[in-house]
Amino acid sequence: MKVAAFGEVLLRLATKKGVLISNTGELNVNYGGGETNVLVSLSNFGLETRIITKISEDSFGDGMLHYLRSKSIETKYVFRGEGRTPIYFLEVGSGNRNSKVIYDRKNSAFSSICEEDVVIEEVLKDVDIFHFSGITLAISEDVRKLTFKMLEYCRKNNILVSYDSNYRAKMWSLEEASKVTKLVLPYVNILSAGILDAENILNMKCDKEDKYEKLKCYYDKISKEYPNIKHIFSSFREIKSASVNTLQCNYYTNNKLFSSKIHEIDDIVDRVGGGDALTSGILYGILRKKSPEYISEFAVVASVLKHSIYGDANLVTSEEVENQVNYGVGKISR
């Protein structure tokens, strides 16, 4: 089973916990990006993965290649060319101070990737799921055109398409995101979207007060309007502080909503990538043909464990996730 993803790989420069960007003397180096994070996690779960991207022809690009290969991601279709390395700066939050992200990604190498760079039938050969996000669509018109070409190929060749709406206000407007998302959804089979996505991007309305009833109402509407979408998921997060959250996964399939247990995370090391870890859990469960109950619980536990790991990516194995699902916290693995 193979999952391919199309997206930008970024250099991450982060402060230590308790340190502000404005007064730090050092930044920790890592790599990340939504699609990359999903692939790293799936590789750790034992699945074959492939990244389709473009990176700079310099030492930063060399570092990215080393990172991807070290995580067992196939890099045959990592293209290189002119353009800079995209960067995001992370100021790590703590207690009542939220984390903060500053992007520096204009004119990146990936923003110029286009149809001339990619032979679509080659990059999507033997692929079971093609994954991408709204972040990718927001980067440039060239990237967007290529994405739609790949979506057309997926539809004609029965490749499942996974889309994370993943709206970023710093990258594009709600109006533009809404317009493009509505063009994308007819190609999508697996969708990550929550209540705010339904209301703000899809312009849907529902008069239900209970959040579970409201979510199912929106998922029913999405499923009816886009019958090609067979799986929809999202999370409910309660933020008590930057260090303490609760998390629950909601997974919808066959017109039914399945909600996991509510998990408390009481010492967050790094929240970045938590949504990508949830996505990887969902994709893993779908590919392994697991029950909806299993999928929702496996996905939320994968995300919970990611919060205990520094960096963008989730590094736990499927066995470690299942052990946590079955036995919970507190038992030492011996």
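Everything below is about the structure printed above this text.
Residues numbered from 1 in each chain as written. Predicted model: local features only at pLDDT ≥ 70, side-chain atom pairs only at ≥ 80, totals over all residues. Heavy atoms only, no water.

### What about the overall build of the protein?
Phase 1 of the analysis: Helix and strand content of the protein: 11 helices and 14 strands.
Phase 2 of the analysis: In the protein, which comprises 334 residues, the share counted as buried stands at 56%.
Phase 3 of the analysis: A separation of at least 24 residues holds for 69% of the contacts in the protein among residues at least 6 apart in sequence.
Phase 4 of the analysis: Accessible area of the protein: about 15200 Å², with a carbon and sulfur share of 48%.
Phase 5 of the analysis: Here the protein contributes 44 positive and 44 negative side-chain charges, whose respective centroids are spaced 2 Å apart. (Helix = DSSP H or I, 4+ residues; strand = E, 2+ residues; numbered from the N terminus. Buried < 20%, exposed > 50% of the residue type's maximum accessible area, 1.4 Å probe, protein only. Contact = heavy atoms within 4.5 Å. Areas by Shrake-Rupley, 256 points an atom, 1.4 Å probe, with all protein chains shown as cover. Lys, Arg positive; Asp, Glu negative; His and termini not counted. Charge placed at Lys NZ, Arg CZ, Asp CG, Glu CD.)

### What to know about the sheet that holds strand β6 (residues 87-91)
Phase 1 of the analysis: Across the sheet, which stays open at both edges, the four strands sit in the order β3-β2-β6-β7 with mixed pairing between neighbours. Of all strands in the sheet, those bounded by a partner on one side alone are β3 (28-32) and β7 (100-104). With strand direction ignored, the average angle separating the axes of adjacent strands in the sheet is 25°.
Phase 2 of the analysis: By the bridge criterion, five bridges tie β6 to β7 in an arrangement that is antiparallel. In the strand pairing of β7, phenylalanine 89 is matched with isoleucine 102.
Phase 3 of the analysis: Of the strands in this sheet, β2 (10-14) and β3 touch helix α2 (residues 59-70), which is tilted by about 65° from β3. (Pairing = 2+ DSSP bridges. Axes fitted to C-alpha atoms, helices over the stretch in contact; angles between N-to-C directions.)

### Some details on the pairing of β6
Phase 1 of the analysis: β6 sits mainly inside the fold: four of its five residues count as buried.
Phase 2 of the analysis: Alignment of β2 against β6, held across four bridges, turns out to be parallel. Paired with leucine 11 across the strands is isoleucine 87, a residue of β6.

### Considering unusual backbone geometry
Phase 1 of the analysis: Unlike most non-glycine residues, serine 72 shows phi in positive territory, near 65°.
Phase 2 of the analysis: Checked against the element boundaries, serine 72 lands in the loop between α2 and β5 (78-81).
Phase 3 of the analysis: By relative accessible area, serine 72 is classed as exposed at 57%.
Phase 4 of the analysis: Notably, asparagine 203 is not glycine yet its phi reads approximately 55°, a positive angle.
Phase 5 of the analysis: Among the secondary structure elements, asparagine 203 is positioned in the loop between α7 (195-201) and α8 (211-225).
Phase 6 of the analysis: Here asparagine 203 falls in the partly exposed class, since its relative accessible area comes to 48%.

### Re the environment of isoleucine 239
Phase 1 of the analysis: One can find isoleucine 239 in strand β11 (residues 231-239).
Phase 2 of the analysis: For isoleucine 239 and isoleucine 265, which are 26 residues apart along the polypeptide, the C-alpha to C-alpha distance reads 9.9 Å.
Phase 3 of the analysis: If we skip the residues at most four places from it in the chain, isoleucine 239 touches Val244, Asn245 and Arg271.

### As for the side chain of asparagine 30
Phase 1 of the analysis: Tracing the sequence through the fold places asparagine 30 in strand β3.
Phase 2 of the analysis: Apart from the residues lying within four places of it in its own chain, the contact partners of asparagine 30 are Leu10, Leu11, Arg12, Tyr67, Tyr310, Gly311 and Asp312.

### Side note on the pattern of salt bridges
Phase 1 of the analysis: With the rule as written, the count across this model stands at 18 salt bridges.
Phase 2 of the analysis: With its nearest N and O atoms 2.8 Å apart, the salt bridge here joins aspartate 312 to arginine 12. In this pair, aspartate 312 sits in the loop between α10 (292-306) and α11 (318-327) while arginine 12 sits in strand β2, placing the two residues 300 residues apart along the sequence. This pair shows no difference in class: aspartate 312 is buried, exactly as arginine 12 is.
Phase 3 of the analysis: The salt bridge partner of arginine 84 is aspartate 104, with a shortest N-O separation of 3.0 Å. Of this pair, arginine 84 sits in the loop between β5 and β6 while aspartate 104 sits in strand β7, and the two are 20 residues apart along the sequence.
Phase 4 of the analysis: Of the residues examined, aspartate 104 reaches a relative accessible area of 32% and is grouped as partly exposed.
Phase 5 of the analysis: Sharing partners across several salt bridges, the network here consists of Lys2, Glu48, Arg50 and Glu74. (Salt bridge = Lys/Arg side-chain N within 4 Å of Asp/Glu carboxyl O.)

### Description of helix α9 (residues 274-287)
Phase 1 of the analysis: End to end, α9 covers 20 Å across 14 residues, agreeing with the expected 20 Å (1.5 Å per residue, within 8%).
Phase 2 of the analysis: Here α9 lies mainly inside the structure; 13 of its 14 residues are buried. (Expected span 1.5 Å × (residues − 1).)

### Observations concerning the nonpolar core
Phase 1 of the analysis: One finds Leu124 and Phe130 to be the most contacted residues of the largest nonpolar core, which totals 53 residues.
Phase 2 of the analysis: With six residues, helix α5 (residues 141-156) is the largest single contributor of residues to this core.
Phase 3 of the analysis: When near neighbours in sequence (up to four residues on either side) are disregarded, leucine 124 contacts Ala4, Arg50, Ile52, Phe130, Met150, Tyr153, Cys154 and Ile159. (Core = buried A, V, L, I, M, F, W, Y, C linked by side-chain atoms within 4.5 Å.)

### What about the packing of helix α1 (residues 34-44) against α9?
Phase 1 of the analysis: Close contact between α1 and α9 brings their axes to 8 Å; oriented N to C, the two are set at 50°. On the basis of the axis angle, α1 is oblique to α9. Read as a crossing pair, α1 and α9 show a hand that is right-handed. Residue-level contacts link Gly34, Asn37, Val38, Ser41 and Leu42 of α1 to Asp276, Thr279, Ser280, Leu283 and Tyr284 of α9. (Parallel < 35°, antiparallel > 145°, perpendicular 65-115°, else oblique. Left-handed = near helix turned anticlockwise from the far one by under 90°.)

### A few points about α2
Phase 1 of the analysis: For α2, spanning 12 residues, the distance from its first C-alpha to its last is 16 Å, which sits close to the expected 16 Å at 1.5 Å a residue.
Phase 2 of the analysis: Within the span of α2, buried status applies to Gly61, Gly63, Met64, Leu65, Tyr67 and Leu68.
Phase 3 of the analysis: Of the surrounding elements, those touching the buried residues of α2 are β2, β3, α1, β4 (48-56) and β5.
Phase 4 of the analysis: Between a side-chain oxygen at the N-terminus of α2 and the backbone nitrogen of phenylalanine 60 the separation is 3.1 Å; the capping residue is aspartate 58.
Phase 5 of the analysis: At the exit of α2 stands serine 72, carrying a positive phi of roughly 65°. (Polar contact = N/O pair within 3.5 Å; in protein donor to acceptor, adjacent residues only side chain to side chain.)

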